[in-house]
Amino acid sequence: GQQLNQSPQSMFIQEGEDVSMNCTSSSIFNTWLWYKQDPGEGPVLLIALYKAGELTSNGRLTAQFGITRKDSFLNISASIPSDVGIYFCAGRSNTGNQFYFGTGTSLTVIP
Amino acid sequence: GAVVSQHPSRVICKSGTSVKIECRSLDFQATTMFWYRQFPKQSLMLMATSNEGSKATYEQGVEKDKFLINHASLTLSTLTVTSAHPEDSSFYICSALSFSGSKETQYFGPGTRLLVL
């Protein structure tokens, strides 16, 4: 199935730093979702985006639905150790129910 | 947010036995659920789409007779790994589609770790 291009693949940052990651697709999507997955757990929904240009925040997290509808980014401000995990983007077009997933960004926060 | 449960959380079985994994949407009805498989340090691999009241749709390369899916109610989908072998050992995760007006969101279960000896 289609897989989204997600970058960076991994990040090592100092506690307190801001983080940015993004996803791009060759297809137009009408929904973008961002998830965080801890080891041995299922992904947990962080932010859902439904409209091109939409900018949504959830605490220290901010995500935007790209104007072209082919990309989305997630920012984490003032990172803390518990932000460690793997972040996935997921997108869905207006045909079918299936969501396509990014390859994941592994985040390590150094105290 | 919506809650999806999965049972069991981990299972160890002998080669040749069958294992059933349940996925439940606890506070919403889900006509569509998905089953994924995830290998270490990799993204989620969609195995099949489970549709309430109809046959599941399997992704290319996924054996439907090996991975039986039953979506008998609006809150329950089951995945049965038949005649499991060591290569079936993996982390299996289900998800359920939730609708709010025209907005669709996918919520995941906590996953099931399967180890086939």
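Data block above holds the structure.
Residues numbered from 1 in each chain as written. Chains lettered and ligands numbered in written order. Predicted model: local features only at pLDDT ≥ 70, side-chain atom pairs only at ≥ 80, totals over all residues. Heavy atoms only, no water.

(A) Highlighting the interface of chain B and chain A. Contacts between chain B and chain A engage 21 residues on the former and 19 residues on the latter. Summing both sides of the interface, chain B and chain A together bury roughly 1,600 Å²; the carbon and sulfur share of this comes to 57%. One can count 1 salt bridge joining chain B with chain A. The closest approach of N and O atoms between B:Glu104 and A:Arg92, which form a salt bridge, is 2.6 Å. At the junction of chain B with chain A, the criterion picks out 7 residue pairs in polar contact (both at pLDDT 80 or more). Put simply, the parts of the chain that give the side of chain B that touches chain A at least two residues each are β4 (32–38), β5 (44–51), β9 (90–100) and β10 (103–108) of chain B. For the side of chain B that touches chain A, the element with the highest residue contribution is β10(B), accounting for 6 residues. Its residues assigned to classes, the side of chain B that touches chain A comprises 10 nonpolar, 7 polar and 4 charged. (Contact = heavy atoms within 4.5 Å. Buried area = accessible area lost by both parts, 1.4 Å probe. Salt bridge = Lys/Arg side-chain N within 4 Å of Asp/Glu carboxyl O. Polar contact = N/O pair within 3.5 Å; in protein donor to acceptor, adjacent residues only side chain to side chain. Helix = DSSP H or I, 4+ residues; strand = E, 2+ residues; numbered from the N terminus. Nonpolar A, V, L, I, M, F, W, Y, C, P; charged D, E, K, R; others polar.)

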